[in-house]
2 protein chains.
Amino acid sequence: MARASSSTALDAFDHAILRILQKDNTTPQRTIGEAVNLSAPAVQRRIKRLEETGVIEANVAVVNPAKVGQPLTIFVEVEVISETAELIDLAKTEFSAAPEIQQCYYVTGEADFMLVIVVPTMTAYEALARRLFFGNNNVKKFRTFVAMDRVKVGLAVPCEI
Amino acid sequence: MARASSSTALDAFDHAILRILQKDNTTPQRTIGEAVNLSAPAVQRRIKRLEETGVIEANVAVVNPAKVGQPLTIFVEVEVISETAELIDLAKTEFSAAPEIQQCYYVTGEADFMLVIVVPTMTAYEALARRLFFGNNNVKKFRTFVAMDRVKVGLAVPCEI
DNA sequence: GCAATATTGCAAGTTTGTTTCGTGAGATCC
DNA sequence: GGATCTCACGAAACAAACTTGCAATATTGC
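Given the structure is predicted, the values throughout are model-derived calculations rather than measurements.

**Some thoughts on the protein's contact with DNA strand D**
Thinking step 1. Residues in close proximity to DNA strand D total 16 residues, the closest being A:Gln29, A:Arg30, A:Gln44, B:Ser39 and B:Arg46.
Thinking step 2. When the atoms of DNA strand D within 4 Å of the protein are grouped by moiety, sugar and phosphate amount to 72% of the total.
Thinking step 3. One of the side-chain N or O atoms of A:Arg30 is found 2.8 Å from a phosphate oxygen in DNA strand D.
Thinking step 4. In the environment of DNA strand D, a base nitrogen lies 3.2 Å from a nitrogen or oxygen atom belonging to the side chain of B:Arg45.

**A few points about the domain arrangement of chain A**
Thinking step 1. Partitioning chain A into structural domains gives domain 1 (12–52) and domain 2 (65–146).
Thinking step 2. For domain 1 of chain A and domain 2 of chain A, the distance between their C-alpha centres works out to 37 Å.

**A word on the interface of chain A and chain B**
Thinking step 1. Of the residues lining the interface, 63 residues belong to chain A; the matching set on chain B comes to 64 residues.
Thinking step 2. Summing the contributions of chain A and of chain B, the shared interface buries around 6,300 Å²; its carbon and sulfur component is 57%.
Thinking step 3. Along the contact surface separating chain A from chain B lie eight salt bridges.
Thinking step 4. Of the charged contacts in the structure, one is a salt bridge between B:Glu110 and A:Arg143, with a shortest N-O distance of 2.1 Å.
Thinking step 5. At the boundary of chain A and chain B, one finds 43 residue pairs in polar contact (both at pLDDT 80 or more).
Thinking step 6. Secondary-structure elements contributing two or more residues to the side of chain A that touches chain B are α1 (12–23), β1 (56–63), β2 (72–80), α4 (85–97), β3 (101–108), β4 (113–119) and β5 (139–152) of chain A.

**Let's talk about the pattern of salt bridges**
Residue and element names in this part refer to chain A.
Thinking step 1. One pass over the full model with this rule turns up 17 salt bridges over all chains.
Thinking step 2. Between Glu79 and Lys140 there is a salt bridge, with the nearest N and O atoms lying 3.5 Å from each other. With Glu79 in strand β2 and Lys140 in strand β5, this pair connects stretches of sequence that are 61 residues apart.
Thinking step 3. Residue classification places Glu79 among the partly exposed residues on the basis of a relative accessible area of 21%.

**Quick look at the environment of A:Ala35**
Thinking step 1. Note that A:Ala35 resides in helix α2 (residues 29–36).
Thinking step 2. When the C-alpha atoms of A:Ala35 and A:Leu128 are compared, they prove to be 47 Å apart, with 93 residues separating the residues in sequence.

**Describing the pairing of strand β5 (residues 139–152) of chain B**
Thinking step 1. Sheet topology places β3(A) next to β5(B); five bridges connect them, and they run antiparallel. Bridge pairing links A:Val107 to B:Ala147 in β5(B).
Thinking step 2. Examined bridge by bridge, strand β2 (residues 72–80) of chain B and β5(B) share seven bridges and lie antiparallel to one another. Bridging from a neighbouring strand, B:Val76 pairs with B:Thr144 of β5(B).

**Focus: unusual backbone geometry**
Residue and element names in this part refer to chain A.
Thinking step 1. Of note, the phi angle at Asn37 is positive, near 65°, even though the residue is not glycine.
Thinking step 2. Within the fold, Asn37 resides in the loop between α2 and α3 (40–52).
Thinking step 3. Judged by relative accessible area, Asn37 falls into the exposed class, the value being 67%.

**Let's talk about the pairing of β2(A)**
Every regular strand shows the same layout, with side chains that alternate between the two sheet faces.
Residues and elements named next belong to chain A.
Thinking step 1. Summarising burial for β2: eight of the nine residues are buried, a large majority.
Thinking step 2. Across seven bridges, β2 lies against β4 in antiparallel orientation. Bridge pairing in β4 places Val76 opposite Leu115.

**Side note on the sheet that holds β2(B)**
Thinking step 1. Around the barrel, eight strands lie side by side as β2(A)-β4(A)-β3(A)-β5(B)-β2(B)-β4(B)-β3(B)-β5(A); this closed barrel has antiparallel pairing. Here the average twist between neighbouring strands, direction ignored, is 35°.
Thinking step 2. Seen against the sheet, helix α5 (residues 122–134) of chain B touches β2, β3 (101–108), β4 (113–119) and β5 of chain B and runs at an angle of roughly 145° to β5(B).

**Considerations on the packing of α2(A) against α3(A)**
If you want to describe how two helices pack, look at the angle between their axes and the distance between the axes.
Residues and elements named next belong to chain A.
Thinking step 1. At their nearest, the axes of α2 and α3 sit 8 Å apart, and the two run at 100° to each other. Put simply, α2 runs roughly perpendicular to α3. Here Gln29, Arg30, Ile32, Gly33 and Val36 of α2 come into contact with α3, specifically with Ala40, Val43, Gln44 and Ile47.
Thinking step 2. Looking at the contact of α2 with α3 residue by residue, the classes come out as five nonpolar, three polar and one charged.

Rules of the game
- Residues numbered from 1 in each chain as written.
- Chains lettered and ligands numbered in written order.
- Predicted model: local features only at pLDDT ≥ 70, side-chain atom pairs only at ≥ 80, totals over all residues.
- Heavy atoms only, no water.
- Near = heavy atom within 4 Å.
- Polar contact = N/O pair within 3.5 Å; in protein donor to acceptor, adjacent residues only side chain to side chain.
- Domains from an automatic or database assignment.
- Contact = heavy atoms within 4.5 Å.
- Buried area = accessible area lost by both parts, 1.4 Å probe.
- Salt bridge = Lys/Arg side-chain N within 4 Å of Asp/Glu carboxyl O.
- Helix = DSSP H or I, 4+ residues; strand = E, 2+ residues; numbered from the N terminus.
- Buried < 20%, exposed > 50% of the residue type's maximum accessible area, 1.4 Å probe, protein only.
- Pairing = 2+ DSSP bridges.
- Axes fitted to C-alpha atoms, helices over the stretch in contact; angles between N-to-C directions.
- Parallel < 35°, antiparallel > 145°, perpendicular 65-115°, else oblique.
- Nonpolar A, V, L, I, M, F, W, Y, C, P; charged D, E, K, R; others polar.

Following this line, the structure appears as structure tokens:
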């Protein structure tokens, strides 16, 4: 069996490998190979290709925020006044620069940005809000949601086939 | 220099190691050791401890959803009718079971759940919404935000000290 | 059906992770 | 104050995993 296409298309082997790596990227290539019926070097080459083509964006350790002194996870919906490209890009840059902001998405709907923020205390969040939201003339309003329970956390992606 | 406490407290070495692993957990322990001024075995023991104590929850490959045929990221704010423990737990279970739901948080504020969903098409999202939201008698309302830009995505946690 | 290309498996070589052992620093108890 | 205990460290040996070259095989395009 060979790859579906020579370019960047993913075949069933790739999906199977990704499924494993998304759960545990310390799984030995030999073990992966046994699971997907491929030799270890073949698995290695496919992983390398997946990394080079950007399918695998990073290999990271997932840390429990509460256990490193950052027990508060907060969602923020931000609505801006003007949606000119310059102002949106400015906001993106500012939000990206803040280490407390774990995730930042530019969205359509009743808000313009969705933020996921991790902070040690409510005081820290208030300081951040004062700086990023009250201190930004283009922020019309923002709504805060404090997480009480991390029911499910993942960047893993459901893989079909 | 010694560890701050014998139990589960993290010292500066641990934080330095975590900072590296959060960016790239394939970094060789020798390299980490050089960066933090520790031997490779010392690094290895600390990583093992961090994993055993749950500070490191997982080691995963981060996949680009768009490149595996899941180009749509959607935020959903869900408001429920009754917040009894049973009904909340039921909702948590249902949301956790859906592979499309990447992240699920139970929050305080004007909504009760914040969801981050990854799907291939809008049609797939509509089907999911019909099943999970319209098909759940306890869902009062939900608001959908479609992500146009993944400005910043991470589960990495800002480490102090 | 044939040539060109791509992918595989095997085996050797290299890097990395892991274990063992002895040492030294700090804490505790007498 | 001194002995002892615990813990973490580093150096070296060991084991495991990753990586690469090569020949063979499968697939794609013509």
